[in-house]
Amino acid sequence: MEKSGSADSLGSKRSSSRQPSVDSLTRYRCVTVTCVSLCHGVAASDVTYICPFLGAIRGSLTVTNYRLFFKCLDKDPAFVLDLPVGVISRVEKIGAISAQGEVSFGLVCKDIRNLRFAHRYQEGSLKKSIFELVNKFAFPVSNALRMFAFEYGQPFPENGWKVYDPLAEYKRQGLPNESWRITKANEHYDVCETYPATLVVPANIPDEELKRVAAFRAKGRIPVLSWIHPETQATVTRCSQPMVGVNGKRSKEDEKHLQAIMDANAQSHKLFIFDARPPVNAAANKMKGGGFESEDAYQNAELVFLDIHNIHVMRESLRKLKEVVYPNIEESHWLSNLESTHWLEHIKLILAGALRIADKVESGKTSVVVHCSDGWDRTAQLSSLAMLMLDGFYRTLRGFQVLVEKEWLSFGHRFQLRIGHGDRNHTDADRSPVFLQFIDCVWQMTRQFPAAFEFNEFFLITILDHLYSCLFGTFLCNSEQQRLEEDLPKRTVSLWSYINSQHEEFTNPLYVDYANHVLYPVVSMRHLELWVGYYIRWNPRMRPQEPLHQHYRELLAKRAELQRKVEELQREVAGRVAVAPPEKAGSPAGSPVQTCV
Amino acid sequence: MFSIKPLKPTLKSCVPPLQPDMKKAPQLTIRKLEAKLLPGEIVVSEVNFVRKCMGTGCSQDDLWGKLICTNFKVSFVSHEVLDRQVFQYRNRLLGDHDVPLACVEQLVTVNEAKGKQKVLLSNRKLKFSPTELVLYCKDLRVLRFRFDEAGPESSRKVCLAIAHYAQPTDPRLLFGFEYVGKLYRPPAGEHGGRLQTPLFICPSDWDREVKRTGATEWRVCSVNEGYAVSPSLPEHFVVPASLADQDLKQLSCSFVGQRLPLWCWNHLNGSALVRTAGIRDVAEQRKLEQRVCNAITKSHPKRSSAHKVHLDRSLPSIRDVRASFVRLRQLCAIGPYQESEDKWLSSVESTGWLDNVRAFLQQSVEVVYMLEGKHVSVILQEEEDRDLSCVISCLVQLMLDPHFRSLVGFQSLVQKEWVMGGHRFLDRCNHLKRSEGEESPMFLLFLDCVWQLMRQHPAAFEFTEIYLAVLCDSMWIPVFSTFLFNCPRQWAEYSQDFTQSGQQGEDRAVRFPPVWDWSQQFSLRDQTLFNSPMYVGKGVAARVQNGGVRTFRRAKPKIYSSMVRGTASMQNGVLGAHATLPRRNSLVLRLLSGSETPAQPDSPDSASQCFVRDWLSRPADPHGLLLPELLPSHLQLWRFYFLRWVSEARIARGGPITALHRLSLLVDEIETLQARLRQYGGTSTPPGLPPGSPDPGLTHRMPSEQSKMYFKTGPLAGPPQQPEYLSSSFPFSPVGNLSRPSTLGTPLSKLLSGAGL
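- Going by the annotation in an unreviewed UniProt entry, the name recorded for chain B is Myotubularin related protein 10, with Paramormyrops kingsleyae given as the source organism.

- Per an unreviewed UniProt entry, chain A is named Phosphatidylinositol-3,5-bisphosphate 3-phosphatase MTMR2, and its organism is Paramormyrops kingsleyae.
- For chain A, the Sequence similarities (unreviewed entry) comment in UniProt is given as "Belongs to the protein-tyrosine phosphatase family. Non-receptor class myotubularin subfamily."

Concerning the overall build of chain B
Link 1 in the chain: Across its full length, chain B holds 24 helices and 16 strands.
Link 2 in the chain: Split by element, the accessible area of chain B, about 29,200 Å² in all, is 54% carbon and sulfur.

Considerations on helix α14 (residues 434-448) of chain A
Link 1 in the chain: Its 15 residues place the ends of α14 of chain A 22 Å apart at the C-alpha level, agreeing with the 21 Å of an ideal helix rising 1.5 Å per residue.
Link 2 in the chain: Counted residue by residue, α14 of chain A has 14 buried out of 15 residues, so it is predominantly covered.

Observations concerning the nonpolar core
Link 1 in the chain: Counting residues in each nonpolar core, the largest one holds 372 residues, and the members touching the most others are Phe400 and Tyr535 of chain A together with Phe446 of chain B.
Link 2 in the chain: Non-local contacts of Tyr535 of chain A, meaning those with residues more than four positions away in its chain, are made with Ile112, Leu318, Leu321, Val325, Trp343, Leu436, Asp440 and Leu530 of chain A.
Link 3 in the chain: Leu174, Phe177, Tyr227 and Ala492 of chain B belong to the second largest nonpolar core, which has 11 residues in total.

Looking at the packing of helix α11 (residues 407-419) of chain B against helix α14 (residues 465-474) of chain B
How two helices sit against one another is set out by the angle between their axes and by the gap between those axes.
Residue and element names in this part refer to chain B.
Link 1 in the chain: Where α11 contacts α14, the axes come no closer than 13 Å and their chain directions differ by 30°. By the angle between their directions, the pair α11 and α14 is classed as roughly parallel. Handedness of the α11/α14 crossing: right-handed. Facing α11, whose interface residues are Leu407, Phe410 and Gln411, α14 presents Tyr467, Leu468 and Leu471.
Link 2 in the chain: Residues belonging to the contact of α11 with α14 are distributed by class as follows: 5 nonpolar, 1 polar and no charged.

Here's the deal with the sheet that holds strand β13 (residues 301-305) of chain A
Residue and element names in this part refer to chain A.
Link 1 in the chain: Pairing within the open sheet is mixed, and its 5 strands lie in the order β10-β11-β14-β12-β13. Whereas interior strands pair on both sides, the edge strands pair on one side only; in this sheet they are β10 (224-228) and β13. The mean angle between the axes of side-by-side strands here comes to 25°, regardless of whether they run parallel or antiparallel.
Link 2 in the chain: Two elements, β10 and strand β11 (residues 235-239), share 4 bridges in a ladder whose sense is antiparallel.

Concerning the confidence of the model for chain A
Residues and elements named next belong to chain A.
Link 1 in the chain: Of all residues in chain A, 87% have pLDDT values of 70 or greater, and the mean over the chain is 87.
Link 2 in the chain: Scored below 50 in pLDDT, residues 1-39 makes 86 contacts in the model with residues more than four places away or belonging to other chains.
Link 3 in the chain: Within the model, the stretch residues 582-597 combines pLDDT values under 50 with 31 contacts to residues more than four positions away or in other chains.

What about the sheet that holds strand β3 (residues 67-72) of chain A?
In sheet architecture, strand pairing relies on hydrogen bonds along the backbone and comes in two forms, parallel and antiparallel.
Residue and element names in this part refer to chain A.
Link 1 in the chain: Read from one edge of the open sheet, 7 strands run β4-β3-β2-β1-β7-β6-β5, paired in antiparallel fashion. Of all strands in the sheet, those with a lone pairing partner are β4 (79-84) and β5 (88-94), marking the two edges. Within the sheet, the average angular offset between the axes of one strand and its neighbour, ignoring direction, is 30°.
Link 2 in the chain: Inspection of the sheet shows strand β1 (residues 42-51) paired to strand β7 (residues 114-120) by 3 bridges, in the antiparallel sense. Each bridged residue has a counterpart across the sheet, and for Thr48 the counterpart in β7 is Ala118.

Focus on the UniProt feature "domain: Tyrosine specific protein phosphatases" (unreviewed entry) in chain A
Link 1 in the chain: Within this numbering scheme, the UniProt entry marks residues 341-388 of chain A as carrying the feature "domain: Tyrosine specific protein phosphatases" (unreviewed entry).
Link 2 in the chain: The span residues 341-388 of chain A is 67% helix and 10% strand, and its two end C-alpha atoms sit 27 Å from each other.

A word on the packing of aromatic side chains
Any two aromatic rings considered together are summarised by their centre-to-centre distance and by the angle between their planes.
Residue and element names in this part refer to chain B.
Link 1 in the chain: Counted according to the given criterion, the structure contains 74 aromatic pairs over all chains.
Link 2 in the chain: Both rings, one in Trp418 and one in Phe446, keep their centres 5.4 Å apart while their planes meet at 45°; by these two values the pair is tilted. Taken together, the residues Trp418 in helix α11 and Phe446 in helix α13 (residues 442-456) connect sequence positions 28 residues apart.
Link 3 in the chain: A relative accessible area of 0% places Trp418 in the buried class.
Link 4 in the chain: In this structure Phe446 comes out as buried when scored by relative accessible area, which is 0%.
Link 5 in the chain: Looking at Arg212, its charged tip hangs above the ring of Phe404, at a distance of 5.0 Å from the centre.
Link 6 in the chain: A cation sits over an aromatic face here: Arg525 above Tyr710, 4.1 Å from the ring centre.

Focus: the environment of Leu355 of chain A
All names here are of chain A.
Link 1 in the chain: Relative to the elements of secondary structure, Leu355 occurs in helix α10 (residues 343-362).
Link 2 in the chain: A relative accessible area of 0% places Leu355 in the buried class.
Link 3 in the chain: Through-space distance from the C-alpha of Leu355 to that of Asn186 is 31 Å; in sequence the pair is 169 residues apart.

Observations concerning the domain arrangement of chain B
Interface size is commonly expressed as the accessible area that is lost once the parts come together.
Residue and element names in this part refer to chain B.
Link 1 in the chain: When its domains are assigned, chain B resolves into domain 1 (43-167) and domain 2 (203-540).
Link 2 in the chain: Spacing between the C-alpha centres of domain 1 and domain 2 amounts to 35 Å.
Link 3 in the chain: Contacts between domain 1 and domain 2 engage 20 residues on the former and 25 residues on the latter.
Link 4 in the chain: Across the domain 1 to domain 2 interface the summed buried area is about 1,900 Å²; carbon plus sulfur atoms make up 58%.
Link 5 in the chain: In terms of surface lost to domain 2, no three residues of domain 1 exceed Tyr89, Arg92 and Lys138, which account for 31% of the buried area on that side.

A look at the confidence of the model for chain B
For residues with low pLDDT, the predicted coordinates do not support detailed interpretation.
Residue and element names in this part refer to chain B.
Link 1 in the chain: Across chain B, the average pLDDT comes to 78, with 73% of residues at 70 or higher.
Link 2 in the chain: Overall, residues 1-30 carries pLDDT values under 50, and its contacts beyond four positions in sequence, including any with other chains, amount to 43 contacts.
Link 3 in the chain: In this model, residues 539-604 is a region of pLDDT below 50 whose contacts with residues beyond four sequence positions or in other chains number 166 contacts.
Link 4 in the chain: Both scores are available for the predicted complex, with the pTM at 0.87 and the ipTM at 0.88.

So, a positive patch on the surface
Link 1 in the chain: Together, Lys114, Lys116, Lys125 and Lys127 of chain B make up a region of like positive charge exposed at the surface.
Link 2 in the chain: Looking at where Lys125 of chain B falls in the secondary structure, it is placed in the loop between β8 (116-119) and β9 (132-137).

Thoughts on the pattern of salt bridges
Residues and elements named next belong to chain B.
Link 1 in the chain: Under the criterion given, the structure shown has 67 salt bridges over all chains.
Link 2 in the chain: Here Arg259 and Asp385 are joined by a salt bridge, their closest N and O atoms 3.2 Å apart. Here Arg259, found in the loop between α4 (245-252) and β13 (262-266), pairs with Asp385, found in the loop between β16 (378-382) and α10 (388-400); they are 126 residues apart in sequence, far enough to count as distant.
Link 3 in the chain: In this structure, the salt-bridge partner of Arg275 is Glu417, at a minimum N-O distance of 2.9 Å. Of the two residues, Arg275 is situated in strand β14 (residues 272-277) and Glu417 in helix α11; the sequence distance between them amounts to 142 residues.
Link 4 in the chain: Taking the relative accessible area as the measure of exposure, Arg275 reaches 0% and is therefore buried.
Link 5 in the chain: One network of salt bridges, in which partners are shared, links Arg51, Glu112, Glu132, Arg144, Arg146 and Asp148.

Some points on the state of the cysteines
Link 1 in the chain: As enumerated under the stated definition, the model contains 0 disulfides over all chains in all.
Link 2 in the chain: For the unlinked cysteine Cys429 of chain B, the closest cysteine sulfur is that of Cys472 of chain B, found at 8.7 Å.

Rules behind the numbers
- Residues numbered from 1 in each chain as written.
- Chains lettered and ligands numbered in written order.
- Predicted model: local features only at pLDDT ≥ 70, side-chain atom pairs only at ≥ 80, totals over all residues.
- Heavy atoms only, no water.
- UniProt positions renumbered as here; feature names shortened; annotations may be inferred.
- Helix = DSSP H or I, 4+ residues; strand = E, 2+ residues; numbered from the N terminus.
- Areas by Shrake-Rupley, 256 points an atom, 1.4 Å probe, with all protein chains shown as cover.
- Expected span 1.5 Å × (residues − 1).
- Buried < 20%, exposed > 50% of the residue type's maximum accessible area, 1.4 Å probe, protein only.
- Core = buried A, V, L, I, M, F, W, Y, C linked by side-chain atoms within 4.5 Å.
- Contact = heavy atoms within 4.5 Å.
- Axes fitted to C-alpha atoms, helices over the stretch in contact; angles between N-to-C directions.
- Parallel < 35°, antiparallel > 145°, perpendicular 65-115°, else oblique.
- Left-handed = near helix turned anticlockwise from the far one by under 90°.
- Nonpolar A, V, L, I, M, F, W, Y, C, P; charged D, E, K, R; others polar.
- Pairing = 2+ DSSP bridges.
- pLDDT = per-residue confidence, 0-100.
- Phe/Tyr/Trp six-rings, centres within 6.5 Å; stacked < 30°, edge-to-face > 60°.
- Lys NZ or Arg CZ within 6 Å of the ring centre and 35° of its normal.
- Domains from an automatic or database assignment.
- Buried area = accessible area lost by both parts, 1.4 Å probe.
- Patch = residues over 30% accessible without salt bridge, like charges linked within 9 Å, V, L, I, M, F, W, Y side chains within 5 Å.
- Salt bridge = Lys/Arg side-chain N within 4 Å of Asp/Glu carboxyl O.
- Lys, Arg positive; Asp, Glu negative; His and termini not counted.
- Charge placed at Lys NZ, Arg CZ, Asp CG, Glu CD.
- Disulfide = S-S within 2.5 Å.

Below is the structure:
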């Protein structure tokens, strides 16, 4: 039990710990590790990591309440494996104790990895296997422990919890205006407990009516505004399915509410309702009291199904994908194997849905209502992607944070359930890679428009890594209400604090801000590709592509240097001229480098 | 009888194709609908009131005009002129809607009313008058013309003329002979510096290459002068110094096509890359092989024996390559767009094209390993030594020698291994439509392999994918010596014919222009599209050219180390590493070399795989050895080439070009600054300025022609705007769609109208 020793090694191992997201954190963590008691840290020597690529590697393993750290110092250079325990979704003992007295453990990870270890284990010894400790720390929720995010007290220059201020964001969109008002009706989360406190609704719908609308919408998730077009006033609104049921129930208030949404946009006398589900699934929901809007009840509304499958289908698809990409890729039939996972097909349907929404709003100048069943999975994907296409602000580093905070976190995407933070129950049917799909879609867009996003691929990967790491409070809990109850902004650090403290690492230098530029990605299998930089990153046969932007940075530095030199010379010339004929003194001074920006 | 419609004044700049850089100001001319003809080009047949179908959808975007068949091209001239602003680059030999006859793969005539359809071949009859003509082109375009309003007889005649002229039976009927006979003068000397590409016709080019690579034990021989020994070898080539001319003559009889072993390249460790044909005489085989191998061994500084690779056995045949290409073309360019969407990935896979690309890259890596890792010479053997070995030898040299990754270096490589190596371009392109069996897109396959390398190592190549595509397209313009002949002798013979029949009685032999004389096709400005802004460090390439022989080693990353470190950090892997450390997988080697070899869970690692892994574990140096990653997930369809004409697949205002655009602007700015700096250096050394003259720094005489970048920083300060016309298929365009203002939504609305979602 080398507590402080292991803690030290974590800090000093910086140069060889190779995961950049973790790596760059170490400088902050050095402090953390010493101030937070690491009495849980346990080290075991003589553990074998059975690497699927390199074979068996012997070394020592340290487990703390945040991370699992394996190193092999016999090798030069040292081999290091370093991952947050939060990423582990399952710890399983494989087989019985072998003849050599070794037990084998498999760790199934949420980030497309499986790790296998073996170590000597004396039966009857009082010492627990180190993997029982992994079991303990990886699943704090199941073990009635605190998440590491609550221990992590690293101060950052900026408080990321302040990145998103709903009022400021709505103000940026020009809200409230004559047609839309900001309501505090949900201040105490009693209209809808999974919605944020601040909502934007049609101006002519009073708060009392909202409650009646809520009664007709699943989980009380009423149609509210997500985004408004600055010129046409066409809006993106989101909600959950109407509680139509088998008998085709109707709600006057709900119909009025949608009518008000349509009326708020003078440009169009139509309203498009995008139901994210396949029509069959939508119809099947009637059995459970849900369903979809009938065009009879909602005049001038047109209902479109987007054929996106539910969370269970997506989970299964990712499972298949993992089989195809990890650990090894079959040399033949790669593309058809990839196709059989349907992962890219799902990505395509989501992007296509978002594109149709964006196109209706931009080209059709028509307001749209988006929902699925509960309005917190597919709806979040669609509304946030459509907003990303429509509004350049969300394509900036900070804008994207606002987008995630707004459409995902405040509107109650159930991160706790979908990811299963700290929960041992890896078979939980509520788990699903919905957010991962969203980030994948964003990545696809960055591929098609390499200069349209202020952030880079590393930013997206970092978000995903910390989606699972439980180092930050950002992705904990299921709703805004829960987050406030847990007092997360006070007790944990936001991921954005970390990111914004070193934003240059996450910035795409090719970014150009084109005002009012709507992105229309080509949603075709011809252009969609598997995100190898994420899904295949563990494969040692893959080397990350030399990113363009690194080259760009080099060039920027070179330009700066040249500009400096030119200016120096100009000054020199100016000086000389000033000495000689006085009438020409002015001219060289007026020759700044025109090209410098 | 010509145009009854009112003629619109047009703003078309009339640049005569063969007066490079004498651009006239755009003139306002009233233009009749006439084809622009090149010297030697004549109109064969034409028909008016033809509709050219634009895109696949509605007909309202169609263009009206005249369809003309000449002895060179199928030309469509229209009253409506594409907006120059949009249509940024132009070919001097071809108009916007023109297709060279040699580019026509197949022509199909349709009569809708009669429900008839016919693939038109040369000298066949056409019994119905066509209402529609569809041209399937070798560059993957598909063009449709409708004759609803046109005279039935002239329509029929034009179709027959195209069919006839597109399928000549004799090389002399190829347009190049008319064109060159009339006009071409090779650019005088080094003037303009455009033709720095050595053609390897004269011994000095070979000699320079031998010196550059430090191949001391090799000599240039002229035993094949007058093509006395082998018809398909160049007159001069390089052989082991230990073989005398007499030996060579004697040896040659036993090789297929009398093709003696041909030196390609030397590694600085002394290992050589040699290509050779098969040996005809089975009885003599062993003895001969021994002699050749001994000679090559003698030329190795360590006398290590050479390693022979039988390309025929390990690689797909030219027929396999053709079959996979035909399938891929069908999928990408011809088949309906929406239908292939669902099964796109498996369809791409089943074409087998990417597998072929991978096989050739893989084989090249093996050869690289022998040369670089095992320090032995490699002999590439192929039965005829004129197809597979061209691809492999080029790829190997590209991976090993940074010189060939510069533009001039690459051109010299193609000239050396393909043109002088005797690749049967005439047959493989099937310019004479003789036998389908001989046709094979080997050169395209090679370019695709280069593209894969380039995609993985963008900083290592001086040229862009636009260059590769344009080079490929040039194969279908039958005027360039590069792609017109089966071997150097054929080229020499036909050139000879000209001087003898010499209408002009010039003292100088008329040659066909090599494609490397890019001013034949493009203005200097358009040629800058070839230059990649990502290319780093021309310095090294220059040193190599100067004959320094120690530069293609993996250099220590110096200035670009931070780039590399960034690369490593993108890995975000458990096994990721810092550039300062040898990276993760060097471990592999250590594990393997250690006493306890761990069980390899995946594949049995061959030594060459270890070599690759070890290389991958280190930061790449754009001027060192380059290896491709060969995981199937890392090879991609060359979308730019294969999908550039498909309007639905075009990303408006997006695609890799937008990143390139940004980089170009920056590079241009840097160039401007450097030029400025030089000026200041020049003007400030003589003390003071000549009185009265304005400060040179003020006047804008940044010689803009010198800029290597197509995209330049504008005179205005402020954030550079991305031009509207950029798209994923720039500078090509799915013609028509681009010429309309309202196109942004076109593919989208088609998509949104329901199908396939």
